[in-house]
Each structure stands twice: as C-alpha cells, then as structure tokens.
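# Summary of structural features
One-letter residues, chain by chain:
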Amino acid sequence: MHIPDGMIAPQAFIVAGLIAVPFWVHAVRRVARDLDERLIPRMAVLTALAFVLSTVMVPLPGGTSAHLTGVGLLVLAFGLWPAFLAFSLVLALQAALLGAGGITALPVNALAMGLVGGAVVSGAHRLAGRKKSFWSVLVPVWLGVVVAAVLLALVLGLQPWLASDAAGQPLFFPFGPRVTLPVIVLPHLAIGVAEGMLSWFVVSALEARRMPA
Amino acid sequence: MKDRTLLALWLVAVVAIGFVHDPAWLAALLALALGLMLVLQGGVAWSMAARALAAVALVNVTVSAAYAIWAWTAGESWTTFVLRLNLRVFLLALLALWLTRNIDLVRAVDRWPSIRFLVVIVLGQIRALGRMLAEHRMALVSRSPTRPSLKVRFASAASQVSVALEKTEGRAEALNQGMRARGFFDDRA
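### What to know about the overall build of chain A
- Broken down by element type, chain A carries seven helices and two strands.
- The helix and strand sequence of chain A, counted from the amino end, reads α-α-β-β-α-α-α-α-α.
- For chain A, the residues scored as buried account for 56% of the 213 residues in total.
- Contacts spanning at least 24 positions in sequence make up 71% of the contacts within chain A whose residues lie at least 6 apart.

What follows is the structure, given as structure tokens:
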C-alpha cells in the first residue's frame, strides 16, 4: 500500500516528518517506560516480526494475493505504540536494506498506516470490548486498513494542488483525490477483509493455545 | 566512517532531488550517477540500472500512460511531466539500490550503540524468522500436488503468522536474558 519515493512533494514529506517526530519520541518513551531494560531486545524482535509479516501473502479469491501489512495484528498482540515503532523501523529498514518503499515517504507511510491505522484498530477493538470473536477482530482490522488507504489516497491526491510548475503541470503525483480515492481505496476494501480474516485465524489459533493476543 | 558518510550522502541526495524539477537537470544528475557507478562498480552498474528500471516500471508506466492519455484528450502537453516523473523516480530507485549494495548498515550506525544493537538483533531475527516462514511455505508446496485451495492457503498463512508471533515472545525473553548475562545493561548503566 505504501507510497514510494519521488511521488510526494517536499512540502508534504517535511511536514509529515515534523508531525511524526513527536509521535516517535512519545512512542519510544511509552515503550521504554513499559519495557525498561527489555526495550532493545523486545523492539528488535517485534521489528523483525513486522518485517517478516510483510512478506506473508494474504490469499485473495481468483488465485491472487496481497502482502500482509501486519499492523492490525501487531496492535492486537502488543498494543499501539510498540506496533507503531516496529512498523516505522520496518519502513526504514526496507528503504535502506532493500531499496523498497521510500525514505522521504517514510513519515507519511508511518503516520497513515502505523499510527492512524493502528489507532483505528486499537480504538475499534476497545469499542468491541476487546473480544476475540470473528467480528470484533475482523471489523477493527478492516477499518484500520481502509482508513490508512483513504489517508494515503488523500495525501497522494493533494500533490497536484501542493506542487505544480508555471504551466500548471504537476511536479509530483499528477492525479487528484477523485482518481486516487477509488483507485487506492476500492481494492483495499477487499484486502482489508482478507487481512481481517487472516488476523482472526491467527488470534483464534493463539487463543486455542492459550497465548494472549 | 565510509558507511556513515554513504548513508548521510544518500539521505541528503534523496531530499535534494525532490527540489529539482527541470527534466534536463534530472537527466544530467542521472547521467552523473550512472557515470559514477560505472567508474566505481564497473559493469555491475548496468545490472543495477536494469533492476532499478524493473522495480519502478509498473507504477511509472501506469501513472505516465494514464496522465498522457488524460492530457492528450484535454489537449494539454504531457511530455515535461512524464519525463520529470520517470527521471526522478528512476534516479531515486537507482540511488537506493546503489546504497543497499554498498552500505553496511551496522557500521553506518556504530556511533549510536543502542541503535547498533537494535539493528544487529533485528537483522539476525529477520533471517531466523524469515527462514522459518520459508520452510512453512516450502512444506505447503511439497505436500500439495496441485495448486492449494483458497482455504488451504489461508490456513497456511495463518499458521505462518501464529508461529512467528509465538516465537517472538520467547525470543525477546531469551535475548533479554542473554544480554543481561553478558553485562550489556551494566555497561550502559
């Protein structure tokens, strides 16, 4: 789902970076307070987990598949702030180790998918009474995926308005929200269902083995 | 030092390229980058360029073609935008591949011990967890004479993820105890 380098204007990624920094600082403090000296090993293993989760394919009907984002599962299993930190670290590692995603787009991706998407999953799951039933896992994860997709579509859709040359030609991504919203959000309505179902499968399997998730 | 400089140079270059909008300048920067890579890496530079091109082709061709069709039907010019977008994204992808090939991330962050430890453990755990998931996938392939059904693929993906989640708990605790036993936390106190 995430935006690659070269598609968003410096005005967007610099502002996103300025917004993201206090959240990263807050997340580090919260996680450090809860984990104390266990912070480094715990965050390292969580980050590795988030990285490998992104390599798991979510099967879709018709023989196709999509990559798992894993944010919903991480939030359900470990809470919002550790999940947000781990997901942000994964985006940085993917950019620096694999050349995937983008380093300039990292704050936008981390905020939309890790923070807002994660907060939606956490809030909706709390509203559902933190139950492990099918609907109280599927709906929060689906909402998290869809809200993150809407946000990313809006950020991309804002680019022609944020940056264009004297002739009116866009400097970065060229299409507005009327194009980006349906193109990005519609497939994620299905991907969100698949990710929500997979999350429920996992939560049920862990519950059956009596592991808290 | 070399790795830290490379990382810093890449970060500065990636941000700076976002402020260059003239296709001629972007083409000159791309030629400069390719020329430097040819001098420093030899013929490998061409395979890196091919990989970068393959990595960006799908998104760039889709966006460029859609924009060209829209501009053509609206009677507007599209060449400057298409050149600008493709040159910039290709240049950024090429620089990212060049970085991943040449940088040792652990050495690049060795000035900050906490981050270095984090990176070292993350890289090791990615390998360990990645190998475990790869074995799960190979096991599914080996016991499926025909293409597995959607239900079976779902169950396999769920099993991969739940095993990874279970292992995470144990590994974090084992790592913590190992680091404590070796005095890591005492050194930092």
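### A look at the packing of helix α3 (residues 71-78) of chain A against helix α4 (residues 80-98) of chain A
Residue and element names in this part refer to chain A.
- In contact at an axis separation of 7 Å, α3 and α4 are set at 140° when each is read in the N-to-C sense. Relative to α4, α3 is oriented oblique. α3 and α4 meet at a crossing whose hand is right-handed. Facing α3, whose interface residues are V71, L74, V75 and F78, α4 presents L80, P82, A83, A86 and F87.
- In terms of residue class, the contact of α3 with α4 is made up of nine nonpolar, no polar and no charged.

### A word on the environment of A:L74
All names here are of chain A.
- Position of L74 among the secondary structure elements: in helix α3.
- Using a count of 28 C-beta atoms within 10 Å as the deciding quantity, one classes L74 as buried.
- Residues L74 and G114, 40 residues apart in the sequence, show an inter-C-alpha distance of 9.8 Å.

### Quick look at unusual backbone geometry
- Positive phi, normally seen in glycine, also occurs at A:R130, with a value near 55°.
- Among the structural elements, A:R130 can be located in the loop between α5 (106-127) and α6 (134-162).

### Points about the interface of chain A and chain B
- If you look at the interface, chain A gives 47 residues, while chain B gives 49 residues.
- Counting residues per element, the ones that place at least two in the side of chain A that touches chain B are α2 (39-53), β1 (57-59), α3, α4 and α7 (177-208) of chain A.
- Per element, the largest residue contribution to the side of chain A that touches chain B is 13 residues, and it comes from α2(A).
- Of the residues that constitute the side of chain A that touches chain B, the class distribution is 36 nonpolar, six polar and five charged.

### Some points on α4(A)
- Look at α4(A): 26 Å from first C-alpha to last across 19 residues, which is about the 27 Å you get at 1.5 Å a residue.
- Counting buried residues in α4(A) gives 15 out of 19 residues, a clear majority hidden from the surface.

### A word on the packing of helix α6 (residues 113-142) of chain B against helix α7 (residues 150-181) of chain B
Residues and elements named next belong to chain B.
- In contact at an axis separation of 10 Å, α6 and α7 are set at 150° when each is read in the N-to-C sense. Between α6 and α7, the crossing angle belongs to the class labelled roughly antiparallel. Here α6 runs over α7; the crossing is right-handed. Of α7, the residues touching α6 (which contributes I121, Q125, L129, M132, L133, H136 and L140) are S156, S159, Q160, V163, A164, K167, R171 and L175.
- For the contact of α6 with α7, the residue count by class is eight nonpolar, five polar and two charged.

### Let's talk about the nonpolar core
- A:I8 and A:F87 are the most contacted members of the largest nonpolar core, which totals 121 residues.
- Of the residues forming this core, the biggest block, 14 residues, is contributed by helix α4 (residues 79-102) of chain B.
- Ignoring sequence-local partners within four residues, the contact set of A:I8 consists of A:I3, A:F13, A:A105, A:V108, A:V155, A:Q159, A:F172 and A:F173.

Criteria and cut-off values
- Residues numbered from 1 in each chain as written.
- Chains lettered and ligands numbered in written order.
- Predicted model: local features only at pLDDT ≥ 70, side-chain atom pairs only at ≥ 80, totals over all residues.
- Helix = DSSP H or I, 4+ residues; strand = E, 2+ residues; numbered from the N terminus.
- Buried ≥ 20, exposed ≤ 12 C-beta atoms within 10 Å, placed from the backbone.
- Contact = placed C-beta atoms within 7 Å.
- Axes fitted to C-alpha atoms, helices over the stretch in contact; angles between N-to-C directions.
- Parallel < 35°, antiparallel > 145°, perpendicular 65-115°, else oblique.
- Left-handed = near helix turned anticlockwise from the far one by under 90°.
- Nonpolar A, V, L, I, M, F, W, Y, C, P; charged D, E, K, R; others polar.
- Expected span 1.5 Å × (residues − 1).
- Core = buried A, V, L, I, M, F, W, Y, C linked by C-beta atoms within 7 Å.

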